[in-house]
There are 2 protein chains.
Amino acid sequence: MRLSTKGRYGVMAMYRLAVNYEAGTTSLKDIAEDLDYSDAYLEQMFAILKRERLITSHRGPKGGYRLAKNPYDITIGEVIRALEGPIEFSSCVGGTENYDCKRSSLCVTKEIWEKINDSINSVIDYITLGDLLDKYNKNFNKAKRS
Amino acid sequence: MRLSTKGRYGVMAMYRLAVNYEAGTTSLKDIAEDLDYSDAYLEQMFAILKRERLITSHRGPKGGYRLAKNPYDITIGEVIRALEGPIEFSSCVGGTENYDCKRSSLCVTKEIWEKINDSINSVIDYITLGDLLDKYNKNFNKAKRS
DNA sequence: CTATATTCCGAGTGGAATAGTAGGGAATAT
DNA sequence: ATATTCCCTACTATTCCACTCGGAATATAG
């Protein structure tokens, strides 16, 4: 019951794009090297993120990827759901391929799984890539001050 | 990023034991048949739950399992963590076998995963098996009334 | 004492998912 | 032209999941 590397790598990479958002595009290779991820693997995530219109791409030298929107308009939830599908703590509830447990109307636990889904979603839908940028600056300034 | 059947089956089975808590022991076979689970598989969960001292067992005819404590003193969180290990939305944070991402002190996403872990835990640690019993009675009465 | 009902225990297994590799093709800035 | 970048599809090794199987230990009823 855990995020796969897809979600984790994806969020980290999107943060990288957020950092460079004003400057322009960033190449996959740079990000992969910087984060020490396999570039061929990260490529698959970028393909999904592009399909979901969270990033844009440009080929050729000086090409690369860029966020499709302002970092403050992209939530962590959008990124995670794009890469991992809808949050679905238990297979009974929340996703597309719901397992139908026959007595779901009587099931005493269904409500628990729904509550958990909601609580996860409310965390990830509240945080934007822009928030992460702010957080970094805060830490950066803190480090400078001390 | 989902509960395995272990957690789901486990909570359902523990609820069954909660229903029968006053009456005494319940055999694994009865629960497995009632819930339509594989009994040999459910057995493995009961072994864990027993090891974690959430249930007691008694062998021989008229034997079976029973909650080790009052249903109101067992949270869903205890059951889930016993069966699935600690809540760990991302492998960076929360569990035993933490993946060390080298720059974890600078990592902007770490805090997100911690928040998610906390929010899941606060849901499941708040609900007891006794609460589920109450919920069932409420639904039962509602059904009777209509 | 014996037959039976139950828990206990360890090992094995098929399929799905994860976490990648590999390799070539297409666009484009210089 | 050519180097650089994205684009696309297929393949693979490993791990995890959801079981299955066989039998031993133990308690109860008759």
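A quick note: this is a predicted structure, and the numbers were derived from the prediction, not measured.

Trainee: Describe helix α5 (residues 110-124) of chain A, naming the residues involved and giving the relevant values.
Mentor: Taking 1.5 Å per residue as the helical rise, α5 of chain A with its 15 residues ought to reach 21 Å, and the 22 Å between its terminal C-alpha atoms agrees with that figure. Within the sequence span of α5 of chain A, burial applies to Ile112, Trp113, Ile116, Asn117, Ser119, Ile120, Asn121, Val123 and Ile124 of chain A.

Trainee: Describe the packing of aromatic side chains, and please don't skip the residues or the numbers.
Mentor: All names here are of chain B. Counted by the stated rule, this structure contains 8 aromatic pairs over all chains. A ring pair is formed by Tyr9 and Tyr41, whose centres lie 5.9 Å apart and whose planes are at 80°; its orientation type is edge-to-face. Residue Tyr9 is located in helix α1 (residues 5-19), and its partner Tyr41 is located in helix α3 (residues 39-51); the two are separated by 32 residues in the primary sequence. Assessed through its relative accessible area of 17%, Tyr9 is described here as buried. With a relative accessible area of 28%, Tyr41 lands in the partly exposed category. Ring centres 4.6 Å apart and planes at 80° place the aromatic pair Phe46 and Tyr65 in the edge-to-face group. Of this pair, Phe46 sits in helix α3 while Tyr65 is found in strand β2 (residues 64-67), placing the two residues 19 residues apart along the sequence. The two residues Phe46 and Tyr65 agree in class, both being buried.

Trainee: Can you break down the protein's contact with DNA strand D residue by residue, with the values?
Mentor: Neighbouring residues of DNA strand D: 25 residues in total, closest Glu43, Lys50 and Ser57 of chain A together with Gln44 and Arg59 of chain B. Of all DNA strand D atoms lying within 4 Å of any protein atom, the proportion belonging to sugar or phosphate reaches 63%. Take Arg59 of chain A: an N or O atom from its side chain is 3.4 Å from a base oxygen of DNA strand D. Between DNA strand D and the protein, one listed contact pairs a base nitrogen with a side-chain N or O atom of Arg59 of chain B at 3.3 Å. Taken together, the elements giving at least two residues each to the surface near DNA strand D come down to α3 (39-51), β1 (55-58) and β2 (64-67) of chain A together with α1 and α3 of chain B. Split by residue class, the surface near DNA strand D holds 7 nonpolar, 13 polar and 5 charged.

Cut-offs used in this document
- Residues numbered from 1 in each chain as written.
- Chains lettered and ligands numbered in written order.
- Predicted model: local features only at pLDDT ≥ 70, side-chain atom pairs only at ≥ 80, totals over all residues.
- Heavy atoms only, no water.
- Helix = DSSP H or I, 4+ residues; strand = E, 2+ residues; numbered from the N terminus.
- Expected span 1.5 Å × (residues − 1).
- Buried < 20%, exposed > 50% of the residue type's maximum accessible area, 1.4 Å probe, protein only.
- Phe/Tyr/Trp six-rings, centres within 6.5 Å; stacked < 30°, edge-to-face > 60°.
- Near = heavy atom within 4 Å.
- Polar contact = N/O pair within 3.5 Å; in protein donor to acceptor, adjacent residues only side chain to side chain.
- Nonpolar A, V, L, I, M, F, W, Y, C, P; charged D, E, K, R; others polar.

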